[in-house]
Amino acid sequence: MSICLNDKIFEALSSVFTEEKVRGYVIGGWVRDCILGRNHPEKDIDIVVIGSGIEIAHKAALKINPGINVSVFKNFGTAMFRHHEYEIEFVGARKESYDRGSRKPVVENGTLEDDLRRRDFTINTLAISLNQDTYGDFLDPFNGMNDLKKKILRTPLDPDKTFSDDPLRMMRAIRFSTQLNFTIEEKTFASIAENAERIKIVSPERIITELNKIMMCEQPSKGFLLIEKTGLLKIIFPELDNMKGIDTIEGKAHKDNFLHSLKVLDNICRKTDNLWLRWAALLHDIAKPATKKYIPETGWSFHGHEFLGSKMIPDIFRKLKLPLNEKMKYVQKLVDLHLRPIVLSQEVVTDSAVRRLLFEAGDDVDDLMMLCEADITSKNEAKKTRHLENFRIVRNKLREIEEKDAMRNFQPPVDGSEIISAFGINPGREVGIIKNAIREAIIEGIIPNEHEAARKLMLEKGKEIGLTPVEPAI
Ligand code: CTP
């Protein structure tokens, strides 16, 4: 098993444990991922010390590189330092339980087994000895190896106890299941469903970390389906939960928008690792429940769902503790624009419609096209091919117009300061009116995206609103 201790760092740690006559073990994710063959260089290394984790961290730092800064978290009895690409965390073995409700841990020193017992899943309870006499020996008191082989997630204790100690573990179970393609063992799964309400005591910041890890999986739908099935979804993400189900009126049914959104998400995950584009895919139809209407003549309508959806994003981001910055604006923009390429593909495409989309989407136009293509979830292959072909035509048209008119990062050929000095006015409403008129004329193809034509229009528009150009000084 010492294959997991190949790195030099473990020899250095081993000599510290041997010198200090303290027992130490590598545990958790490092061991698990090493056995699964998925360790990456930035992986954290978790070390359990039968004694003081903080003291050993200082001793180890001194041995490895006396200049290293050791961060100590006294309340948790842990200490860590970085060495090269590693983040090494030391903790004293604990026997611990939490005060129900308060989440305040009651901690006592314990044995290795005590420490492993209070961890989340058996696959995270494998330990490898770092002491010279037993170096590389493998300890597996909860049969984690067997569960790793069988691809099963199971808690070392009664799941109710493990989840009650830290309800975030319910999300972690689903995250590991999605990430590793493991099955959550029946009793463990039932306990999540039973304890779902307890997720409410967990901070949204911790929940979103797990949700984002699910979003970054190959097939995030697996995770979302489990989150739904366990009853967690309606608590942590009611807007998404609200999308479930199909209504039928007069024999006409609409699609299940929850399942459709998950398909779009999976589709886009095959094309991009951009987390925010993935979020846009998940949220593109989020306002469908709120805009849903049955119109007897035409059937189901979700009129304006793209606009309302983009308006819902800030609130969702705020509640989920996603960033309220340009990432959010990017998601809003894609949600807002997600029907536009479809419209372009259906109608006779005018250059002005294409220019307007280029202007509004800017550099995100390629991501928008990717979202639109992912949005094709029809099972009818002929229909799918037809839609994709239409989007190919839209892409060509976008390229053609962009080459001609450079609309992507539109910079007005006449800017505000030129307008101000041309008419000798102060910044204000008039400047905005003229700027808008120029932009609209360019988008509509009335004038080319060039300075001379724009200046001419500026003078005309200025006259129209009662401005007189300043005589050029002689
Ligand atoms: N752990 C736990 N309960 C939690 C979080 C962590 O029992 N809520 C334990 C697990 O034994 C886990 C170890 O602490 O293996 C380290 O936690 P962490 O670094 O968060 O997870 P990893 O297992 O290393 O996995 P990943 O890096 O994929 O998050």
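Residues numbered from 1 in each chain as written. Predicted model: local features only at pLDDT ≥ 70, side-chain atom pairs only at ≥ 80, totals over all residues. Heavy atoms only, no water.

Asker: Explain the overall build of the protein chain to me, please; I cannot follow it from the model alone.
Answerer: Helix and strand counts for the protein chain stand at 24 helices and 15 strands. Scaling as 2.2 N^0.38, a compact globule of 474 residues should have a C-alpha radius of gyration of about 23 Å, whereas the protein chain reaches 30 Å, well beyond that. Seen along its three principal axes, the alpha-carbon backbone of the protein chain occupies a region of about 90 × 70 × 40 Å. Counting all 474 residues of the protein chain, 49% fall into the buried class. Taking all contacts inside the protein chain whose residues are at least 6 apart in sequence as the whole, residues at least 24 apart take part in 66%. By element, 50% of the accessible surface of the protein chain is carried by carbon and sulfur atoms, the whole surface being about 23700 Å². Computed over 71 positive and 73 negative side-chain charges, the inter-centroid distance for the protein chain is 2 Å. (Helix = DSSP H or I, 4+ residues; strand = E, 2+ residues; numbered from the N terminus. Rg over C-alpha atoms; globule rule 2.2 N^0.38 Å. Buried < 20%, exposed > 50% of the residue type's maximum accessible area, 1.4 Å probe, protein only. Contact = heavy atoms within 4.5 Å. Areas by Shrake-Rupley, 256 points an atom, 1.4 Å probe, with all protein chains shown as cover. Lys, Arg positive; Asp, Glu negative; His and termini not counted. Charge placed at Lys NZ, Arg CZ, Asp CG, Glu CD.)

Asker: I tried to follow the pairing of strand β1 (residues 24–27) on my own but got confused; where do I start?
Answerer: Remember that side chains alternate between the two faces of the sheet whenever the strand is regular. Neither face of β1 is open: one carries G24 and V26, the other Y25 and I27, and all of them are buried. The pairing of β1 with strand β2 (residues 44–49) spans 4 bridges and is classified as antiparallel. Counted as the bridge partner of Y25 is V48 from β2. In this structure, β1 lies alongside strand β8 (residues 127–129), joined through 3 bridges in antiparallel fashion. (Pairing = 2+ DSSP bridges.)

Asker: Honestly, helix α20 (residues 365–374) in this entry has me stumped. Any pointers?
Answerer: Given 3.6 residues per turn, any residue in an α-helix points the same way as the ones three and four places further on. Of all 10 residues making up α20, 7 are buried, and the element is well covered by its neighbours. Buried within α20 are the following residues: V365, D367, L368, M369, L371, C372 and A374.

Asker: What is the right way to read the sheet that holds β8 from this model?
Answerer: Strand-to-strand pairing in sheets goes through backbone hydrogen bonds, with the strands running parallel or antiparallel. Taking strand neighbours across the sheet as the criterion, the 7 strands line up as β3-β4-β5-β2-β1-β8-β9 in an open arrangement whose pairing is mixed. Only two strands of the sheet have a single neighbouring strand rather than two, namely β3 (71–73) and β9 (138–139). Pairing geometry for β3 and strand β4 (residues 78–83), over 3 bridges, is antiparallel. Of the residues in β4, the one forming a bridge with V72 is A79. The strands touched by helix α3 (residues 53–64) are β2, β3, β4 and β5 (86–92); relative to β4, the strand with the most contacts, the crossing angle is about 20 degrees. (Axes fitted to C-alpha atoms, helices over the stretch in contact; angles between N-to-C directions.)

Asker: What should I look at first to understand the site of the ligand in this one?
Answerer: Around the ligand, 15 residues are found, and the nearest of them are R32, K43, D120, D166 and R175. Between the ligand and R32 there is a distance of 2.8 Å, counted from an oxygen atom to a side-chain nitrogen or oxygen. Relative to its unbound accessible area of 560 Å², the ligand is 79% covered by the protein chains. Put simply, the parts of the chain that give the shell around the ligand at least two residues each are α2 (29–35), α7 (168–180) and α9 (204–215). (Near = heavy atom within 4 Å. Polar contact = N/O pair within 3.5 Å; in protein donor to acceptor, adjacent residues only side chain to side chain.)

Asker: Looking at this structure, how should I read the packing of aromatic side chains?
Answerer: In this description, a pair of aromatic rings is defined by centroid distance and the angle of the planes. Tallied over the entire structure, the rule returns 9 aromatic pairs. Between F10 and W30 the ring centres are 5.5 Å apart and the planes differ by 55 degrees, which places this aromatic pair in the tilted class. Here W30 lies in helix α2 and F10 lies in helix α1 (residues 8–20), a separation of 20 residues in the sequence. Above the ring of W300, the side-chain terminus of K292 is found at 5.7 Å from the ring centroid. (Phe/Tyr/Trp six-rings, centres within 6.5 Å; stacked < 30°, edge-to-face > 60°. Lys NZ or Arg CZ within 6 Å of the ring centre and 35° of its normal.)

Asker: Help me understand unusual backbone geometry, please; the structure alone is not making it clear to me.
Answerer: For residues besides glycine, phi is generally negative; the peptide bonds are generally trans as well. One non-glycine residue, N143, lies in positive phi territory at about 60 degrees. Along the chain, N143 falls in the loop between β9 and α5 (144–150). Positive phi, close to 60 degrees, is recorded for N181, a residue that is not glycine. With respect to the element layout, N181 can be found in the loop between α7 and β11 (183–184).

Asker: Explain the packing of helix α16 (residues 305–320) against helix α17 (residues 326–337) to me, please; I cannot follow it from the model alone.
Answerer: Packed helix pairs are characterised by how far apart their axes lie and by the angle those axes make with each other. Put simply, α16 and α17 touch, their axes get as near as 7 Å, and they point 160 degrees apart. One way to sum up the angle between α16 and α17 is to call them roughly antiparallel. Along this stretch, α16 crosses α17, giving a crossing that reads as right-handed. Contacts between α16 and α17 involve E306, F307, G309, S310, I313, P314 and F317 from the former and M328, V331, Q332, V335 and D336 from the latter. Along the lines of polarity and charge, the residues of the contact of α16 with α17 split into 7 nonpolar, 3 polar and 2 charged. (Parallel < 35°, antiparallel > 145°, perpendicular 65-115°, else oblique. Left-handed = near helix turned anticlockwise from the far one by under 90°. Nonpolar A, V, L, I, M, F, W, Y, C, P; charged D, E, K, R; others polar.)

Asker: Is there a simple way to think about the state of the cysteines in this case?
Answerer: Cysteine pairs can be covalently joined through their sulfur atoms, and such a bond is termed a disulfide. This model, assessed by the stated rule, comprises 1 disulfide. Covalent S-S linkage joins C4 and C34, the inter-sulfur distance amounting to 2.1 Å. Measuring the twist about the S-S bond at about -90 degrees, one finds the C4-C34 disulfide to be left-handed. Of this pair, C4 sits in the segment before α1 while C34 sits in helix α2, placing them 30 residues apart in sequence. On the basis of relative accessible area, C34 is assigned to the buried category, the value being 18%. Here C269 stays free of any disulfide, with the sulfur of C217 as its closest cysteine sulfur at 8.8 Å. For C269, a relative accessible area of 9% gives the class buried. (Disulfide = S-S within 2.5 Å.)

Asker: Could you clarify how one ought to interpret the nonpolar core in this entry?
Answerer: Generally speaking, soluble globular proteins have nonpolar side chains that are buried together. Among the nonpolar cores identified, the biggest contains 125 residues, and F237 and W279 are the most heavily contacted of them. Here the element with the most residues in this core is helix α14 (residues 275–283); it accounts for 8 residues. Not counting the four nearest positions on each side in its chain, F237 is found in contact with L211, W279, L282, L283, I316 and L320. Within the second largest apolar cluster, 9 residues are counted, among which are V48, A93, A127 and F142. (Core = buried A, V, L, I, M, F, W, Y, C linked by side-chain atoms within 4.5 Å.)

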